[in-house]
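Here is what each chain is made of, one letter per residue.
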Amino acid sequence: MDKVIKDFLAEVSKRNQNEPEFMQAVTEVAETVIPHIVKNNVYYGQNILMRMVEPERVVSFRVAWIDDQEEIQVNRGYRIEMNSAIGPYKGGLRFHPSVNLSVLKFLAFEQIFKNSLTTLPMGGGKGGSDFDPKNRSDTEVMRFCQSFMTELFRHIGPNRDIPAGDIGVGSREIGYMFGQYKRLKNEFTGVLTGKGISWGGSLIRPEATGYGVVYFVQKMMEHNGAGIKGKKVVISGSGNVAQYAAEKTIQLGGKVLTLSDSSGYIYDSEGINEEKLAHLMELKNIKRARISAYVEKYPKAKFFASKTPWEIACEVAIPCATQNELNDKDATLLIKNGCICVGEGANMPSTPGAINQFINHKILYAPGKASNAGGVAVSGLEMAQNSLRYNWSRNEVDAKLQSIMGEIHQSCLDFGKEESFVNYVKGANIAGFVKVADAMLAQGVV
Ligand code: NDP
Ligand code: 2IT
């Protein structure tokens, strides 16, 4: 078995040189899915995983725009259309200086499995740009988004490819891109998700990823005994996912001790309550301030510059910032300090070394493709509402989100249950794989 996996990875690596994040995501899937393929005659000999790691289409394009000083800026835009076996390409857009082909291919690859797990008909895609929205004025962001969409519009559509937000792309950016798409196509369609409520958006979409990860954590913990109530919870990030993960944790009675950004983390030993979280949301979303500003209003809290929050003792850790933000040393420290559950809000936040530790210590560990699927799931519900030309209530969408997170948890149990332990990595990868692989086999060699 090891040789089959090694040979497969060597071939993929040869074809995708200098793409470490993509190879990291493929390796994790190959190690769990190849043994399943070898055991199942329907998949064996079909070269099915090799077909899945090859994007159906990669678009890369120039984005030229003029900044407030009237200087011409050039960025690179991308859309990776990874797999459309079970539905149109679906996945977010990331605007961050670290964006490159490797990062977007890893995200698009993960998205195939995640979208399959949601139970909704969505294929896998991802896109973005190396544009950095930080310290840019609203008009600069608008000009960038308009230029970006002026090329992207010809590759997407409500039945073809439906982008959404991710790091650096929130409601402001989705609005500017939607406006430009509508102008170019002269069509009002659900081509993007994460839209504003008055122009085709869904209630609960802003909250969905953060709420979803906490619903998933709650499911894992209840399956194992007691829920999140009364537990100490350490969260990283302070963007969309982290904010609503914190909100739901507080609502369910957990104690949120930390939040972070790329400058460091804040530790509030008394717990971040609803009032403090509302202040933090204003700081981050309206003033676009750094996380250290939190301690100016709440001086009992501490700010630790250039550090990550994994050194704070907790029972539950929810990484919600970015890939590879939690390494094996962090994992050792978390486990030593009593952590029993890790639910990933971000995509691939734990390094392979950290994941090995979680699995070897049999702690409850959910990979992002299972636990952060609530965001894209409610995007799928936004698409459904757009097609119906109808809006569901907040309670209706929240109930559907909870039910989907429950179904994903069940799929992980179905494929990941081992003696006295649930391997959620194996469960999520195989459950996500089976649905897409069956569709690909049915559709022939394309
Ligand atoms: P936001 O842009 O709203 O927030 C990102 C947060 O992560 C910020 O606090 C940011 O800090 C921090 N961060 C980003 N890059 C780094 C870095 N290199 N080092 C340290 N901190 C960093 O993005 P989201 O909350 O939407 O996304 C967070 C994660 O969740 C990503 O992995 C994303 O792919 C994933 N995700 C998002 C979904 C969604 O619906 N939005 C759905 C599923 C997953 P700073 O401001 O300093 O950059
Ligand atoms: O990583 C993700 O799942 C997202 N950024 C959300 C994608 C979406 O289409 O809502």
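Analysis parameters
- Residues numbered from 1 in each chain as written.
- Chains lettered and ligands numbered in written order.
- Predicted model: local features only at pLDDT ≥ 70, side-chain atom pairs only at ≥ 80, totals over all residues.
- Heavy atoms only, no water.
- Helix = DSSP H or I, 4+ residues; strand = E, 2+ residues; numbered from the N terminus.
- Rg over C-alpha atoms; globule rule 2.2 N^0.38 Å.
- Buried < 20%, exposed > 50% of the residue type's maximum accessible area, 1.4 Å probe, protein only.
- Contact = heavy atoms within 4.5 Å.
- Areas by Shrake-Rupley, 256 points an atom, 1.4 Å probe, with all protein chains shown as cover.
- Lys, Arg positive; Asp, Glu negative; His and termini not counted.
- Charge placed at Lys NZ, Arg CZ, Asp CG, Glu CD.
- Salt bridge = Lys/Arg side-chain N within 4 Å of Asp/Glu carboxyl O.
- Axes fitted to C-alpha atoms, helices over the stretch in contact; angles between N-to-C directions.
- Parallel < 35°, antiparallel > 145°, perpendicular 65-115°, else oblique.
- Left-handed = near helix turned anticlockwise from the far one by under 90°.
- Nonpolar A, V, L, I, M, F, W, Y, C, P; charged D, E, K, R; others polar.
- 1 Å grid on protein atoms, 1.4 Å probe; cavity = no way out; pocket = protein on both sides within 12 Å on 5 of 7 lines; lining within 4 Å.
- Points joined across faces, edges and corners; volume = space filled by probe spheres on them.
- Expected span 1.5 Å × (residues − 1).
- Pairing = 2+ DSSP bridges.
- Near = heavy atom within 4 Å.
- Polar contact = N/O pair within 3.5 Å; in protein donor to acceptor, adjacent residues only side chain to side chain.
- Arc of directions from axis to C-beta.

(A) Summary view of the overall build of the protein. Looking only at helices and strands, the protein has 16 helices and 14 strands in total. Relative to the compact-globule value of 22 Å for 446 residues, the protein shows a C-alpha radius of gyration of 21 Å, a close match. When the backbone C-alpha atoms are referred to their principal axes, the protein occupies close to 60 × 55 × 45 Å. Evaluated residue by residue, the protein yields a buried proportion of 58% over its 446 residues. Considering only contacts in the protein between residues 6 or more positions apart, those separated by 24 or more positions represent 71%. Working note: accessible area of the protein is about 18,500 Å², and carbon and sulfur atoms make up 49% of it. Each charge class in the protein can be summarised by its mean position, and for the 51 positive and 48 negative side chains these summaries are 1 Å apart.

(B) Representation of the pattern of salt bridges. Following the criterion strictly, the structure yields 25 salt bridges and no others. In this structure, the salt-bridge partner of aspartate 138 is arginine 172, at a minimum N-O distance of 2.7 Å. Residue aspartate 138 is located in helix H5 (residues 138–152), and its partner arginine 172 is located in helix H6 (residues 171–185); the two are separated by 34 residues in the primary sequence. Take aspartate 138: its relative accessible area is 45%, and that puts it in the partly exposed class. A relative accessible area of 15% means that arginine 172 is categorised as buried. Within the structure, one salt-bridge network assembled from shared partners comprises Asp268, Glu270, Lys276 and Lys300.

(C) Summary view of the packing of helix H14 (residues 374–388) against helix H15 (residues 394–416). Where H14 meets H15, the closest approach of the two axes is 10 Å, and the angle between their N-to-C directions is 130°. Comparing the axis directions of H14 and H15 gives the class oblique. Read as a crossing pair, H14 and H15 show a hand that is right-handed. Listed contacts from H15 to Gly374, Ala377, Val378, Leu381 and Gln385 of H14 are Val397, Lys400, Leu401, Ile404 and Met405. Among the residues forming the contact of H14 with H15, the class breakdown is 7 nonpolar, 2 polar and 1 charged.

(D) Summary view of empty space enclosed by the protein. Counted according to the given criterion, the structure contains 1 cavity of 30 Å³ or more. Roughly 50 Å³ of volume is contained in the largest cavity. Around the largest cavity, the lining residues are Glu28, Glu110, Glu344, Met348, Ser350, Ile355, Tyr365, Pro367, Gly368 and Lys369. Its residues placed into classes, the lining of the largest cavity shows 4 nonpolar, 2 polar and 4 charged.

(E) Structural view of H6. Helix length check: H6, at 15 residues, gives a terminal C-alpha distance of 21 Å against a target of 21 Å (1.5 Å per residue), a fit within 8%. Of the positions making up H6, those classed as buried are Arg172, Glu173, Ile174, Met177, Phe178, Gln180 and Tyr181. Against strand S3 (89–95), H5 and strand S5 (161–164) lie the buried residues of H6. Looking one or two residues beyond H6, the residue adopting positive phi is asparagine 186, at roughly 55°.

(F) Inspection of the sheet that holds strand S2 (residues 72–83) at higher detail. Across the sheet, 5 strands lie side by side as S1-S2-S4-S3-S5; this open sheet has mixed pairing. Each edge of the sheet is formed by a strand with only one pairing partner; in this case those strands are strand S1 (57–66) and S5. In this sheet, neighbouring strand axes are inclined to one another by 20° on average, regardless of whether the strands run parallel or antiparallel. Of the pairings in the sheet, the one linking S1 to S2 comprises 10 bridges and is antiparallel in character. Paired with arginine 62 across the bridge in S2 is arginine 76.

(G) Region of the structure containing unusual backbone geometry. For asparagine 135, which is not a glycine, the phi torsion comes out positive at approximately 65°. Along the chain, asparagine 135 falls in the loop between strand S4 (123–129) and H5. Residue asparagine 135 is classed as exposed on the basis of its relative accessible area of 81%. Unusually for a residue other than glycine, lysine 362 sits at a positive phi of about 55°. With respect to the element layout, lysine 362 can be found in the loop between helix H12 (352–360) and strand S12 (364–366).

(H) Quick peek at the site of ligand 2. Every one of the 14 residues lining ligand 2 counts as a neighbour, but Lys90, Lys114, Asp166, Arg205 and Ser379 are closest to it. With respect to ligand 2, the side chain of glutamine 111 contributes an N or O atom lying 3.0 Å from an oxygen atom. With respect to ligand 2, the side chain of lysine 114 contributes an N or O atom lying 2.8 Å from an oxygen atom. Listed by contribution, the elements that provide at least two residues to the shell around ligand 2 are S3, helix H4 (101–117) and H14.

(I) Just H12, in detail. Restricting attention to buried positions, one finds in H12 the residues Ala354, Ile355, Gln357 and Phe358. Each buried residue of H12 lies within a common arc of 160° when the element is viewed along its axis, so the set occupies one face. Once H12 ends, the next one or two residues include lysine 362, with phi positive near 55°.

(J) Local environment of the layout of surface pockets. Of the voids in this model, the second largest pocket is the one considered here, and its volume is about 390 Å³. In this structure, the second largest pocket is lined by 20 residues; those nearest its centre are Gly190, Met383, Gln385, Asn386 and Ser387. Its residues assigned to classes, the lining of the second largest pocket comprises 9 nonpolar, 9 polar and 2 charged.

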